[in-house]
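Given next are the chains, with one letter for each unit.
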Amino acid sequence: MTVDDLAYVAALESQIHAAPWSLGNFRDALAAGYSARVAEREGRIIAYGVLMLGPGEAQLLNLSVVPDARRQGIGRMLLAQFLVDARRLGAEQIFLEVRAGNRAAIALYETSGFAAIGRRIAYYPPTHPQAPREDALVMRRALVTGPRGL
């Protein structure tokens, strides 16, 4: 992801999510040096994500695929690239949060080695005005084996 991608990515984000990141959020992530990637098909961005690194760990902050490109392996490919980035940069484990009702994303994460380790009650804003807030599942995956990777 480059600065030139930000306006388009932010526009996609506002179409995909009920509580989207702003253009400023994406700009700040790039400025902070987070791992930010896009996936393109025929010159069009169809997926994007942001990974934050901290001492010994990483957190996947955003992984989104446009609706017409879902279930084609794009999210899995981007996730795999983020796992490589996290390992290369010294992370021993990686965390993420996902809407508890997002079964497709949860299945992707579980088949990629993540396990639910917690739940944040009413974490996400409603997807529409009459809907309740939604819980977040906190998921973790070890990136190393042994005592620290559990």
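Residues numbered from 1 in each chain as written. Predicted model: local features only at pLDDT ≥ 70, side-chain atom pairs only at ≥ 80, totals over all residues. Heavy atoms only, no water.

(A) Region of the structure containing helix α1 (residues 6-16). Every buried residue of α1 is accounted for by Leu6, Val9, Ala10, Leu12 and Glu13. Down the axis of α1, the buried side of the element spans an arc of 160°, and every buried residue falls inside it. Seen from the buried face of α1, the exposed residues on the opposite side, beyond 90 degrees, are Ala7 and Gln15. In this structure, the buried side of α1 is in contact with α2 (23-31), β1 (35-41), β2 (44-54) and β3 (57-65). (Buried < 20%, exposed > 50% of the residue type's maximum accessible area, 1.4 Å probe, protein only. Helix = DSSP H or I, 4+ residues; strand = E, 2+ residues; numbered from the N terminus. Arc of directions from axis to C-beta. Contact = heavy atoms within 4.5 Å.)

(B) Just the side chain of Asp5, in detail. Among the structural elements, Asp5 can be located in the segment before α1. Comment: no salt bridge for buried Asp5; closest opposite-charge side chain is Arg37, at 11 Å. If we skip the residues at most four places from it in the chain, Asp5 touches Val38 and Ile45. (Lys, Arg positive; Asp, Glu negative; His and termini not counted. Salt bridge = Lys/Arg side-chain N within 4 Å of Asp/Glu carboxyl O.)

(C) Structural view of the sheet that holds strand β6 (residues 134-142). Pairing is mixed in the open sheet, where six strands are placed in the order β1-β2-β3-β4-β6-β5. Each edge of the open sheet is held by one strand with a lone partner, namely β1 and β5 (115-124). Here the average twist between neighbouring strands, direction ignored, is 25°. Bridge analysis of β3 against strand β4 (residues 93-99) gives four bridges, and the strand direction is parallel. Within β4, the residue paired with Leu60 across the bridge is Leu96. Running over the sheet, α1 touches β1, β2 and β3 and is turned about 95° from β2. Seen against the sheet, helix α4 (residues 103-111) touches β3, β4 and β6 and runs at an angle of roughly 165° to β4. (Pairing = 2+ DSSP bridges. Axes fitted to C-alpha atoms, helices over the stretch in contact; angles between N-to-C directions.)

(D) Fine view of the packing of α1 against α2. As a packed pair, α1 and α2 sit with axes 9 Å apart at the nearest point and diverge in direction by 130°. In terms of orientation, α1 and α2 fall into the oblique class. As α1 runs across α2, the sense of the crossing is right-handed. Along the contact surface, α1 presents Leu6, Ala7, Val9, Ala10 and Glu13, while α2 presents Leu23, Phe26, Arg27 and Leu30. A breakdown of the residues in the contact of α1 with α2 according to their chemical character gives seven nonpolar, no polar and two charged. (Parallel < 35°, antiparallel > 145°, perpendicular 65-115°, else oblique. Left-handed = near helix turned anticlockwise from the far one by under 90°. Nonpolar A, V, L, I, M, F, W, Y, C, P; charged D, E, K, R; others polar.)

(E) Broad picture of the environment of Tyr123. Among the structural elements, Tyr123 can be located in strand β5. For Tyr123, a relative accessible area of 38% translates into the label partly exposed. Linking Tyr123 and Gly75, residues 48 residues apart in sequence, is a C-alpha distance of 23 Å. Contact partners of Tyr123, with chain neighbours within four places excluded, come to Glu97, Arg133, Glu134, Asp135 and Ala136.

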